[in-house]
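So the chains spell out like this:
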Amino acid sequence: SDEAVFVSGEDSIEDREEVKRNFAAKNIRCMIATNIFGEGQGPGHVIPDTIARVLAAEPEATITIPGHEQSVRAYCYVGDFIQDCLGIMKHHEADERVREVYHVGSENQCALSGLVERIAYDACERHDLSFAYGENPPGATMLRRPDLAKMRSIGWLPTSGGIIPALKRTVAAY
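Residues numbered from 1 in each chain as written. Predicted model: local features only at pLDDT ≥ 70, side-chain atom pairs only at ≥ 80, totals over all residues. Heavy atoms only, no water.

A. Representation of the packing of helix α4 (residues 112–123) against helix α6 (residues 163–172). One way to put it is that α4 packs onto α6 with a least axis distance of 10 Å and a crossing angle of 65°. Judged by the inter-axis angle, α4 sits roughly perpendicular to α6. With respect to the hand of their crossing, α4 and α6 are arranged in right-handed fashion. Residues Leu-115, Arg-118, Ile-119, Asp-122 and Ala-123 of α4 touch α6, and the partners they reach there are Ile-163, Ile-164, Leu-167, Lys-168 and Val-171. Here the residues of the contact of α4 with α6 sort into 7 nonpolar, no polar and 3 charged. (Axes fitted to C-alpha atoms, helices over the stretch in contact; angles between N-to-C directions. Helix = DSSP H or I, 4+ residues; strand = E, 2+ residues; numbered from the N terminus. Parallel < 35°, antiparallel > 145°, perpendicular 65-115°, else oblique. Left-handed = near helix turned anticlockwise from the far one by under 90°. Contact = heavy atoms within 4.5 Å. Nonpolar A, V, L, I, M, F, W, Y, C, P; charged D, E, K, R; others polar.)

Here it is, written out as structure tokens:
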């Protein structure tokens with residue numbers, strides 16, 4: 001369905017349509033997206049919420065960020081996710097019915113404090129801000145990253161165009 005494909009300014013309509021066709025034709029069970037971000041992602045997620053806070057902040061402000069500053073995630077830009085999905089599907093293009101589950105994401109890990117600084121200082125160019133952090137919400141883990149061993153087992157390495165250019169594209173969409 002259209003809701004299953006995250007919209008990005010970086011991937012093309014043709015790429016998204018190719019992903020949908022392959023899911024239907026190959027009966028691929030699931031590609032599990034982990035810590036995906038990009039244009040069009042709504043509120044309630046760390047990256048768009050932080051972007052909104054940074055863009056709205058008064059000069060010299062201290063912004064409170066929910067979550068422990070040392071919690072680590074492996075964030076993946078949606079355009080990279082789409083390219084990885086296409087690569088996995090291409091690997092299986094000769095198969096009539098593929099019934100596989102793949103974790104798709106990034107190997108580039110980042111602590112929350114580092115992510116927030118990249119958003120503020122590099123993507124938004126707001127060097128006047130400082131940050132305070134809270135605790136992780138109940139049930140949250142200190143480390144969340146995908147197991148990409150299955151992707152590697154078929155010879156596919158995760159795509160990464162770099163987090164700072166991806167954050168800049170995401171900020172530009174706000």
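The discussion continues.
B. Summary view of the pattern of salt bridges. In this structure the tally under the stated criterion is 2 salt bridges. Ionic pairing is found between Arg-152 and Glu-107, a salt bridge with its closest N-O pair at 2.1 Å. Of this pair, Arg-152 sits in helix α5 (residues 149–153) while Glu-107 is found in the loop between β6 (101–104) and β7 (109–111), placing the two residues 45 residues apart along the sequence. The exposure class assigned to Glu-107 is partly exposed, which follows from its relative accessible area of 41%. One salt bridge in this structure joins Arg-126 and Asp-128, with 3.0 Å as the shortest N-O distance. Overall, the relative accessible area of 24% leaves Asp-128 in the partly exposed class. (Salt bridge = Lys/Arg side-chain N within 4 Å of Asp/Glu carboxyl O. Buried < 20%, exposed > 50% of the residue type's maximum accessible area, 1.4 Å probe, protein only.)

C. Local environment of the sheet that holds strand β4 (residues 72–74). The 3 strands lie next to each other as β7-β4-β9, forming an open sheet whose pairing is mixed. Two strands lie at the open edges of the sheet, namely β7 and β9 (143–144), each paired on one side alone. Looking at chain direction, β4 and β7 are connected through 3 bridges and run antiparallel. Within the sheet, the bridge partner assigned to Ala-74 lies in β7 and is Gln-109. (Pairing = 2+ DSSP bridges.)

D. Region of interest: the environment of Gln-83. Relative to the helices and strands, Gln-83 is located in helix α3 (residues 78–91). The exposure class of Gln-83 is partly exposed, given its relative accessible area of 32%. When the C-alpha atoms of Gln-83 and Pro-158 are compared, they prove to be 8.8 Å apart, with 75 residues separating the residues in sequence.

E. Quick look at the nonpolar core. In terms of nonpolar packing, the biggest core is built from 38 residues, with Ile-47, Leu-115 and Phe-131 touching the most fellow members. Looking at this core, the elements that each hand over two or more residues are β2 (36–37), α2 (46–56), β3 (62–65), β5 (76–77), α3, β6, α4 and α6. Element by element, the count of residues in this core is highest for α3, at 7 residues. Residue contacts for Phe-131: discarding those within four places in its chain leaves Val-54, Thr-62, Ile-63, Ile-65, Val-116, Ala-120 and Tyr-121. (Core = buried A, V, L, I, M, F, W, Y, C linked by side-chain atoms within 4.5 Å.)

F. Region of the structure containing unusual backbone geometry. Positive phi outside glycine occurs at Glu-60, with the angle close to 65°. Structurally, the position occupied by Glu-60 is in the loop between α2 and β3. With relative accessibility at 61%, the residue Glu-60 sits in the exposed group. Even without being a glycine, Glu-125 presents a positive backbone phi close to 55°. Counting through the fold element by element, Glu-125 comes out in the loop between α4 and β8 (130–133).

G. Quick peek at the side chain of Thr-50. Checked against the element boundaries, Thr-50 lands in helix α2. In contact with Thr-50, other than residues within four places in its own chain, are Ile-65, Val-116 and Ile-119.

H. Fine view of α2. Buried residues of α2: Ile-47, Pro-48, Thr-50, Ile-51 and Val-54, and no others. All buried residues of α2 fall inside an arc of 160° around its axis, so they share one side. Packed against the buried residues of α2 are β2, β3, α4, β8 and α6. (Arc of directions from axis to C-beta.)

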